[in-house]
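Per-entry structural report
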Amino acid sequence: AIGVGSAAVILGGVGRMLQQRFEVDGERQAIALPAASSPSVALPADAQLPVEGLQPFVTPNRDFYRIDTALVVPQVSKDSWSLKIGGMVDNPMEITFADLLARPQVERFITLSCVSNPVGGDYIGNALWQGVLLADVLEEAGVHPDATQVVSRSIDGWTAGTPTEVIMDGRDAMLAIAMNGEPLPARNGYPVRM
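Residues numbered from 1 in each chain as written. Predicted model: local features only at pLDDT ≥ 70, side-chain atom pairs only at ≥ 80, totals over all residues. Heavy atoms only, no water.

**Some remarks on the packing of aromatic side chains**
Tallied over the full model, the rule gives 4 aromatic pairs. Aromatic side chains Phe-64 and Trp-129 sit 5.6 Å apart centroid to centroid with 90 degrees between the ring planes, which places their arrangement in the edge-to-face category. Placement of Phe-64 in the loop between helix H2 (25–29) and strand E1 (82–85) and of Trp-129 in strand E4 (residues 124–133) is noted, with a sequence separation of 65 residues between them. Exposure class is identical for Phe-64 and Trp-129. Each is buried. Members of the aromatic cluster, connected to one another through ring pairs, are Phe-64, Tyr-65, Tyr-123 and Trp-129. (Phe/Tyr/Trp six-rings, centres within 6.5 Å; stacked < 30°, edge-to-face > 60°. Helix = DSSP H or I, 4+ residues; strand = E, 2+ residues; numbered from the N terminus. Buried < 20%, exposed > 50% of the residue type's maximum accessible area, 1.4 Å probe, protein only.)

Printed below as a string of C-alpha cells:
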C-alpha cells in the first residue's frame, strides 16, 4: 500500500510538472476574435431581475459549471487543435482553429445544462457564445441523410453522441471559440467547444 501510494504521488507530481510546461492562458490572451457576422440580439433591460440571491442572466465565465472528465484541465494549443469530419459524408474534411476564425461567426445567448443536473441543480449556465454554426460545416461536408448521430471525441478520450437532426434543425448548434466576449477559458473547452 505504501509503495502504491508513493508511486501515485510521484506520478501525480510528474503529471502536474508536464502540464505546467504549456499553459494556454498566454495564447488565449493573444487571440483577436473576429467580429460576428450574425451578432446576438441585445438583452432587454429587464433581463436581470433585482431579486436578492438570483443568479445573473449571463453566467460569468469563472462561475460557469463544468464537469471534469480528466484529472487535470487539458491544455490544447490552438495550433495543434483540429476537427476531422469523416464517416457518412461526401467530403471528408479537417478544420483547423485558423479555419474557424476565417469562417462567418455567429453570437448567441445559449443555456447549457449538464445531463446529470438534478432539477434546481447548479450544473446549468447561460452565456454569450461565439463560433461557427455546426450545421453549415456538416452541410459543407455533405452529411448523408441517413446519418443519425454525430460522434465527437475530446482530447482526453471522452466521447459523446449527438443526434444529427438536432444539429441541423436550426437550434444554432455551434463550434464555439468564445464565451462572453473572450476566447474560451481552458476550463470551458479552449480552444473550441461543440
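**A short note on the pattern of salt bridges**
On inspection of all chains with the given rule, the structure shows 6 salt bridges. Across the salt bridge formed by Arg-28 and Glu-182, the nearest N and O atoms sit 2.9 Å from each other. Here Glu-182 lies in strand E8 (residues 182–183) and Arg-28 lies in helix H2, a separation of 154 residues in the sequence. By relative accessible area, Arg-28 is classed as buried at 11%. (Salt bridge = Lys/Arg side-chain N within 4 Å of Asp/Glu carboxyl O.)

**Description of the pairing of strand E5 (residues 149–153)**
Two strands pair when backbone bridges link them, and E5 and strand E6 (residues 159–163) are joined in this way by 5 bridges, in the antiparallel orientation. Of the residues in E6, the one forming a bridge with Ser-152 is Ala-160. Between E5 and E6, which pair antiparallel in sequence order, lie 5 residues; one of them, Gly-157, sits at a positive phi of approximately 90 degrees. (Pairing = 2+ DSSP bridges.)

**Observations concerning the sheet that holds E4**
Taken together, 4 strands build an open sheet; the order of strands is E3-E4-E7-E8 and the sheet is antiparallel. Both outer strands of the open sheet, strand E3 (106–113) and E8, are each paired with one neighbouring strand and no more. The strands touched by helix H4 (residues 134–141) within the sheet are E4 and strand E7 (174–179), with E4 carrying the most contacts at an inclination of about 35 degrees. (Contact = heavy atoms within 4.5 Å. Axes fitted to C-alpha atoms, helices over the stretch in contact; angles between N-to-C directions.)

**As for unusual backbone geometry**
The omega torsion across Tyr-190 and Pro-191 is 5 degrees, close enough to zero to call that bond cis. In this model, Asp-172 sits at a positive phi of 65 degrees, which is unusual for a non-glycine residue. Within the secondary structure, Asp-172 is located in the loop between helix H5 (164–168) and E7. The residue Asn-180 is not glycine, and still its phi comes out positive at about 55 degrees. Looking at the element boundaries, Asn-180 is found in the loop between E7 and E8.

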